[in-house]
Amino acid sequence: MKKTMPVDGKFELMTLPYAPEALEPVISANTLGFHHGKHLLTYVNNLNAALPGSGLEDKALEEVVLNAQGGMLNNAGQILNHNLYFGQFRAPIADNAPTGRLAEAIEAAFGSFEAFKESFAKAGATLFGSGWAWLSADDEGKLVITQEPNAANPIQRGLRPLMTMDVWEHAYYLDYQNRRPDHLAALWQIIDWDVVAARYEE
Ligand code: MN
């Protein structure tokens, strides 16, 4: 996967590849403003404050996730997770679905796109507490769904992360309150499968 490098010893808040209201009504501009502009910014600021003297200055974000511990690992993991999350969306479209080799890999691994969505939604809905549901590829390109608690990322298991749903309450509470499954069901409309396919082909 592409590496994220610090600039002058600091990681930057990723720029959203769409307007704040572009994902409505699935994710409101209000939620996006807090989630990207407050929550993610805090993780970035916390990691940048912890970098000097850590021995991990000038390392890629992915290397920090694989080598840091404690609070530093949590903040680095959350930055990597959110960069992949916010980078995978587009404006809502009906009947949104992957195509090409990625679609074939999903069918091979899960039977059908519908069966994949069902398994993925279950992984997100049943993850206790805060964390992330992921679609990843293993060394041989086989696709797997995992649940990762808190700030964990599939690269810590040797997997290549392709697509994710954030099930921390801050991702949906303003728009959906406690209805996590409704939020996850709506997210299928805004997944940019071209981005996910590009990650798969890397
Ligand atoms: Mn989040």
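Draft legend 1. Representation of the pairing of strand E2 (residues 143-149) within the structure. The pairing of strand E1 (residues 131-137) with E2 spans seven bridges and is antiparallel. Bridging across to E2, Ala-137 finds its partner in Leu-143. Here E1 hands over to E2 after five residues, with Gly-141 in that stretch at a positive phi of 85 degrees.

Draft legend 2. Expanded view of the sheet that holds E1. Spatially, three strands are ordered E2-E1-E3 in an open sheet, and the strand pairing comes out antiparallel. The open sheet has two edge strands with one neighbour each: E2 and strand E3 (160-166). Across this sheet, the average inter-strand angle for adjacent strands is 25 degrees, counted without regard to direction. Those strands touched by helix H8 (residues 193-201) are E1, E2 and E3, and its axis lies near 150 degrees from that of E3.

Draft legend 3. Region of the structure containing the environment of Leu-16. With respect to the helices and strands, the residue Leu-16 is situated in the segment before helix H1 (29-50). Counting along the chain gives 75 residues from Leu-16 to Ala-91, while the straight-line C-alpha distance between them is 13 Å. Beyond its immediate stretch of four places on either side in the chain, Leu-16 contacts Leu-32, His-36 and Phe-86.

Draft legend 4. Representation of the coordination of the manganese ion. Taken together, His-35 (NE2), His-82 (NE2), Asp-166 (OD) and His-170 (NE2) make up the protein donors of the manganese ion, found 2.0 to 2.1 Å from the metal. All donors to the manganese ion come from one chain, and their sequence spacing reads H-x46-H-x83-D-x3-H. Taken together, the residues span a long stretch of sequence, with His-82 in helix H3 (residues 70-86) and His-170 in the loop between E3 and helix H6 (173-176) at a distance of 88 residues. In this structure His-170 comes out as buried when scored by relative accessible area, which is 17%.

Draft legend 5. Examining the packing of aromatic side chains more closely. One pass over the full model with this rule turns up 11 aromatic pairs. When the centroid spacing of 5.8 Å and the interplanar angle of 80 degrees are considered together, the rings of Tyr-85 and Trp-132 count as edge-to-face. Remark: Trp-132 occurs in strand E1 and Tyr-85 occurs in helix H3; sequence separation between them is 47 residues. The exposure classification of Tyr-85 matches that of Trp-132, with both residues buried. Geometrically, the ring pair formed by Phe-113 and Trp-188 is edge-to-face, given 6.4 Å between the ring centres and 80 degrees between the ring planes. Highlighted residues: Phe-113 in helix H5 (residues 113-126) and Trp-188 in the loop between helix H7 (180-187) and H8, separated in sequence by 75 residues.

Draft legend 6. Expanded view of the packing of H1 against H3. Packing of H1 against H3 brings their axes to within 9 Å, and their N-to-C directions diverge by 140 degrees. It follows from the interaxial angle that H1 and H3 lie oblique. H3 is crossed by H1, and the crossing has left-handed handedness. When H1 is examined against H3, the residues Leu-32, His-35, His-36, Leu-40, Thr-42, Tyr-43, Val-44, Asn-46, Leu-47 and Ala-50 are found in contact with a partner set consisting of Met-72, Asn-75, Ala-76, Gln-78, Ile-79, His-82, Asn-83, Tyr-85 and Phe-86. For the contact of H1 with H3, a count of residues per class yields 11 nonpolar, eight polar and no charged.

Draft legend 7. Here's a closer look at unusual backbone geometry. Residues Glu-24 and Pro-25 are joined by a peptide bond in cis, for which omega reads 5 degrees. Along the polypeptide, Pro-25 turns up in the segment before H1. Unusually for a residue other than glycine, Asp-8 sits at a positive phi of about 50 degrees. Mapped onto the secondary structure, Asp-8 falls in the segment before H1. One non-glycine residue with positive phi stands out, namely Asp-95, at about 55 degrees. Looking at the secondary structure, you find Asp-95 in the loop between H3 and helix H4 (100-110). What makes Asp-95 exposed here is its relative accessible area of 78%.

Conventions we followed
- Residues numbered from 1 in each chain as written.
- Predicted model: local features only at pLDDT ≥ 70, side-chain atom pairs only at ≥ 80, totals over all residues.
- Heavy atoms only, no water.
- Pairing = 2+ DSSP bridges.
- Helix = DSSP H or I, 4+ residues; strand = E, 2+ residues; numbered from the N terminus.
- Axes fitted to C-alpha atoms, helices over the stretch in contact; angles between N-to-C directions.
- Contact = heavy atoms within 4.5 Å.
- Donors = N, O, S within 2.8 Å, 3.2 Å for Na, K, Ca; no water.
- Buried < 20%, exposed > 50% of the residue type's maximum accessible area, 1.4 Å probe, protein only.
- Phe/Tyr/Trp six-rings, centres within 6.5 Å; stacked < 30°, edge-to-face > 60°.
- Parallel < 35°, antiparallel > 145°, perpendicular 65-115°, else oblique.
- Left-handed = near helix turned anticlockwise from the far one by under 90°.
- Nonpolar A, V, L, I, M, F, W, Y, C, P; charged D, E, K, R; others polar.

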